[in-house]
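Chain by chain, the residues:
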Amino acid sequence: MTERSDVMLQLRTATAPEHQQVEDTLALLDPDLTPARLTDVLRRMHAFWTAVEAGLDAWATAEPADAGAVDWAGRRRAGVFAGDLATLGARPLDAGPDLPAPAGTDGALGTLYVLEGSTLGGVFIDRHLATLPALADVRLRAFSPYGERTGAMWAGLRRATRDHVAGGGDPDAVVDGARRTFRALAQWCAGVEQSAPSQGPVPPSSPGGAPA
């Protein structure tokens, strides 16, 4: 299978600049990452996921069969981000970005490529956090919410995306949806504090106590 014929390879190649922009903006693998900055990142990610999931819910209502094929109901994470904020003793932001709902399944799958792809890198983020003295005792769930099922969940998304395109979906529209989502995430997180956020975390009383 060539890159031209495989939508997943097209996604990886076409979104590489936007993907790198998000990683550079969040800098979650920074060896000097502080609890305060991590909390600011999580607050922004929670607000973003809340907004983007509202759009995906609208898509799922309009296209329930397509949403079921990709197990959208089992991929929601806004509540997991909220639980991590509670673990850190921080409140969510009062408002999030204004994001349009995907126009159809092509755009929704592009968006999901970004959201679900973050769980792959999230495994490395969790390992990095465990090496930082100030964060070693904090147990978060949102970066790698599926645990041992991470690989299987990603494989399921890849399969559903390829099946959709093979059945007549527009790979260019899928790529466009992913690029727009990456850009929106980078823009929304561009203001992440480089030192202490306006509302820093308090030491968690029970690490790993995020609700399921």
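Residues numbered from 1 in each chain as written. Predicted model: local features only at pLDDT ≥ 70, side-chain atom pairs only at ≥ 80, totals over all residues. Heavy atoms only, no water.

### Considerations on the overall build of the chain
Operational definition: Here a strand is any run of E in DSSP of at least two residues, a helix any run of H or I of at least four, and the numbering for each starts at the N terminus. Burial classes follow relative accessibility: with a 1.4 Å probe on protein chains only, a residue under 20% of its type's maximum area counts as buried, one over 50% as exposed, and anything between as partly exposed. Using a 1.4 Å probe, accessible areas were evaluated by the Shrake-Rupley method; residue-level cover was limited to the displayed protein chains.
A tally of helices and strands in the chain yields 8 helices and 0 strands. The order of α-helices and β-strands along the chain, N terminus first, is α-α-α-α-α-α-α-α. Split into buried and exposed, the 212 residues of the chain put 47% on the buried side. Just so you have it, the chain exposes about 10,300 Å², and 53% of that area is on carbon and sulfur atoms.

### Side note on the packing of helix 3 (residues 35–62) against helix 6 (residues 105–129)
Spelled out, the test is: Lines fitted to C-alpha atoms define the axes, with helix axes restricted to the stretch in contact, and inter-axis angles between N-to-C directions lie between 0 and 180 degrees. Orientation categories follow fixed angle ranges, with anything under 35 degrees roughly parallel, anything over 145 roughly antiparallel, 65 to 115 roughly perpendicular, and all other angles oblique. Crossing handedness is defined as follows: a turn of the near helix away from the far one that is anticlockwise and smaller than a right angle gives a left-handed crossing, while the clockwise case is right-handed. Any two residues whose heavy atoms approach within 4.5 Å are treated as being in contact. Lys, Arg, Asp and Glu make up the charged group, whereas Ala, Val, Leu, Ile, Met, Phe, Trp, Tyr, Cys and Pro make up the nonpolar group; the residues left over, Gly among them, are polar.
Orientation of helix 3 relative to helix 6, taken along the N-to-C sense of each, is 155°, at an axis distance of 11 Å. Put simply, helix 3 runs roughly antiparallel to helix 6. Considering how the two elements wind past one another, helix 3 and helix 6 form a crossing that is left-handed. Mapping the contact onto sequence places Leu38, Phe48, Trp49, Val52, Leu56 and Trp59 in helix 3 and Thr105, Ala108, Thr111, Leu112, Leu115, Ser118 and Leu129 in helix 6. Along the lines of polarity and charge, the residues of the contact of helix 3 with helix 6 split into 10 nonpolar, 3 polar and no charged.

### Quick look at the packing of aromatic side chains
Heads up, the condition is: Stacked, edge-to-face and tilted labels apply to pairs of Phe, Tyr and Trp rings (six-membered ring for Trp) whose centres lie within 6.5 Å, assigned for plane angles under 30 degrees, over 60, and everything in between, in that order.
In total, this model carries 3 aromatic pairs according to the counting rule given. Taken together, a centroid distance of 5.0 Å and an interplanar angle of 55° make the contact between Trp49 and Phe81 tilted. Taken together, the positions of Trp49 in helix 3 and Phe81 in helix 5 (residues 78–87) put the pair 32 residues apart, joining distant regions of the chain. Accessibility classification places Trp49 together with Phe81 in one group, the buried group. With 5.8 Å between their ring centres and 45° between their planes, Tyr113 and Trp154 make a pair best called tilted. With a gap of 41 residues between them, Tyr113 in helix 6 and Trp154 in helix 7 (residues 150–166) connect regions that are remote in the sequence. Three or more aromatic residues joined by ring pairs form one cluster here, namely Phe48, Trp49 and Phe81.

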